[in-house]
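Structural characterization, general
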Amino acid sequence: MTATQCILASIAAASLTLAITRTRAQPAGGTGPSGNSVRSITLPSIAFEIPEGPGREPFIARCVACHTSRYVFNQPAFSKDTWTAEVQKMRKTFGAPVGDEQVDDIVAYLMKVRGK
Amino acid sequence: MHRRRFLQLGAAAAATSLLDRARAADPAKGAAAQAQMEFAKFPQKTDLILHTDSPPNLETPLRYFREDLTPNDAFFVRWHLALIPTAVDVDTFRLVVHGHVDAPLSLSLDALRQDFGPVSLVAVNQCSGNSRSFFEPRVFGGQWGNGAMGNARWTGVRLKDILGKARLKAGAVDVTFQGLDRAPLPTVPNFIKSLSVDQANSPDALIAYEMNGQPLPMLNGFPLRLIVPGWYATYWVKSLNDITVLDKPFDGFWMAKAYRVPKNSEMNEDPKALAPETIPISAMKVRSIFVPTESTERAKAGDAVEFQGIALDGGNGIAKVEISFNAGQTWEAASLDPDLGKYSWRRWRYTFKPLAAGKFTVTCRATNNAGETQSTSQWNRSGYARNVLETMNLTVG
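Quick look at the structure, then. Note that the coordinates shown come from a computational prediction; the quantities given were computed from them, not determined experimentally.

**What to know about the packing of helix α4 (residues 80–92) of chain A against helix α5 (residues 100–114) of chain A**
Residue and element names in this part refer to chain A.
- In contact at an axis separation of 9 Å, α4 and α5 are set at 130 degrees when each is read in the N-to-C sense. In terms of axis orientation, α4 runs oblique to α5. As α4 packs across α5, the resulting crossing turns out to be right-handed. Within the contact between the two elements, α4 uses Lys-80, Trp-83, Thr-84, Val-87, Gln-88 and Arg-91 and α5 uses Asp-100, Val-103, Ile-106, Val-107, Leu-110, Met-111 and Arg-114.
- Along the lines of polarity and charge, the residues of the contact of α4 with α5 split into seven nonpolar, two polar and four charged.

Here is the structure:
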């Protein structure tokens, strides 16, 4: 298992945990496993259509695992240098599972949808 | 008198000033932008402006700021990490206090209510990045308008009482705060904030279990939230369940790398020459905003128009708010509503009667009790602590 695969596996595990949490969640004020003492909510899932474009697949696989694509689509248009710096920040500061070979494709996609 | 004012306004139309350099936040523009925005309804919340759904980041529409206390269901929501708490067992939940202490604590919600005296105060909770979308050049981050804040009455226990019961050991330096949220990847730092021991022992820092007399909504930090009145909301840790006392300065990501501002009083820097030194953001800068009302939305010649807004600062309290119809050449005093406490925002009003149809540009400016007032231009790389003078365009029909 490569380092990237390992990280992806942990994302999958984290996503699964989140999915379980959501499935278990009860309406506010509902009852849980230990009687009436659990307060819970169920988060809505709000659909968002990610536009087509070169690099869309790695963008979805590597970025959207941790955060909604809305983070990107809500941003103003930025230059290629700025987007590249942001991808590097996500990799280096937040440990995003983006390999060297995927950076260009992801930046190309970001430039297509929010480039200037 | 009204005629004179109207003539002044006409002359002011062509006036230019420093204000023109800043891209002022025009609520009308904001409303237009909001019209294109997506709204979403989350549990225990009303329809709010959707920034992101996972994790949830939701903005309060400005009309809710017509109320002095922001309703819980309209209060903005801001989470950093993908795994946020959606269920809390109020019987088994514990707030733990440990680290460099003589008497570690594990407190149930009942114990917090029974063993410590309740305290209430009204305080503004404002995101560091509130109004980020108005910075020019634009910067990365949540593209908030003015709605990443709210004013509420917080009820809970004094943080210093909790720390007193835990008996800090000599040499305690920092206190860290963490909630139930978790990072989606081991490489992503968990959200942990710190205060110095002195700041943590300030009499007004609370651990709140109520907001406006009700339990906090889950998305606003149920069951406990750290309240650091006067400071930006990044310190107001939600779903707080861990307090750790350290005998050395805390160097975690969310203090050492994130939520930092240029080390100068204006928190300013040049986009082409970033400040060499940054420090953690802390107390809120004085600012005032307009709150659109029916009066300003439907202004008619010959009828009185009431401008209204809110002003806030980092805890000195608001001394005055002034209005200018001529881009800052002259200012006139607005009236202030009753004071709800030095950490609350303060409502201001200003009435005038336009005698003819036309367009007016109006500026508001707040000054606090320390004599601090607002910036005329401001920029920093993260889009924090916005306090530039704001203008409102008024159309009189």
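Now that the structure has been shown, we can carry on.
**Quick look at the environment of Asp313(B)**
Residues and elements named next belong to chain B.
- Checked against the element boundaries, Asp-313 lands in the loop between β19 (305–312) and β20 (318–324).
- Separated by 27 residues in sequence, Asp-313 and Val-286 have C-alpha atoms that sit 4.0 Å apart.
- Aside from chain neighbours lying at most four places away, what touches Asp-313 is Met-284, Lys-285, Val-286, Ile-318, Lys-342 and Asn-368.
- Of the polar contacts made by the side chain of Asp-313, one reaches the backbone nitrogen of Asn-316; its length is 3.1 Å.

**Overview of the interface of chain A and chain B**
- Facing 35 residues of chain A, the contacting portion of chain B comprises 42 residues.
- The junction of chain A with chain B conceals about 3,100 Å² of combined surface from both sides, 66% of it contributed by carbon and sulfur atoms.
- When the buried area of chain A at its contact with chain B is split by residue, Arg39(A), Ile41(A) and Phe94(A) rank highest and sum to 19% of it.
- Linking chain A to chain B there are two salt bridges.
- A salt bridge links Arg70(A) to Glu38(B), with the shortest nitrogen-to-oxygen separation between them at 3.3 Å.
- One can count 14 residue pairs in polar contact (both at pLDDT 80 or more) joining chain A with chain B.
- It is helix α1 (residues 3–24) of chain A that provides the largest number of residues to the side of chain A that touches chain B, a total of seven residues.
- Split into classes, the residues belonging to the side of chain A that touches chain B amount to 18 nonpolar, 13 polar and four charged.
- Pairing analysis gives three bridges linking strand β1 (residues 38–40) of chain A to strand β5 (residues 87–89) of chain B, with the strands arranged antiparallel.

Reading the values: rules and limits
Residues numbered from 1 in each chain as written. Chains lettered and ligands numbered in written order. Predicted model: local features only at pLDDT ≥ 70, side-chain atom pairs only at ≥ 80, totals over all residues. Heavy atoms only, no water. Axes fitted to C-alpha atoms, helices over the stretch in contact; angles between N-to-C directions. Helix = DSSP H or I, 4+ residues; strand = E, 2+ residues; numbered from the N terminus. Parallel < 35°, antiparallel > 145°, perpendicular 65-115°, else oblique. Left-handed = near helix turned anticlockwise from the far one by under 90°. Contact = heavy atoms within 4.5 Å. Nonpolar A, V, L, I, M, F, W, Y, C, P; charged D, E, K, R; others polar. Polar contact = N/O pair within 3.5 Å; in protein donor to acceptor, adjacent residues only side chain to side chain. Buried area = accessible area lost by both parts, 1.4 Å probe. Salt bridge = Lys/Arg side-chain N within 4 Å of Asp/Glu carboxyl O. Pairing = 2+ DSSP bridges.

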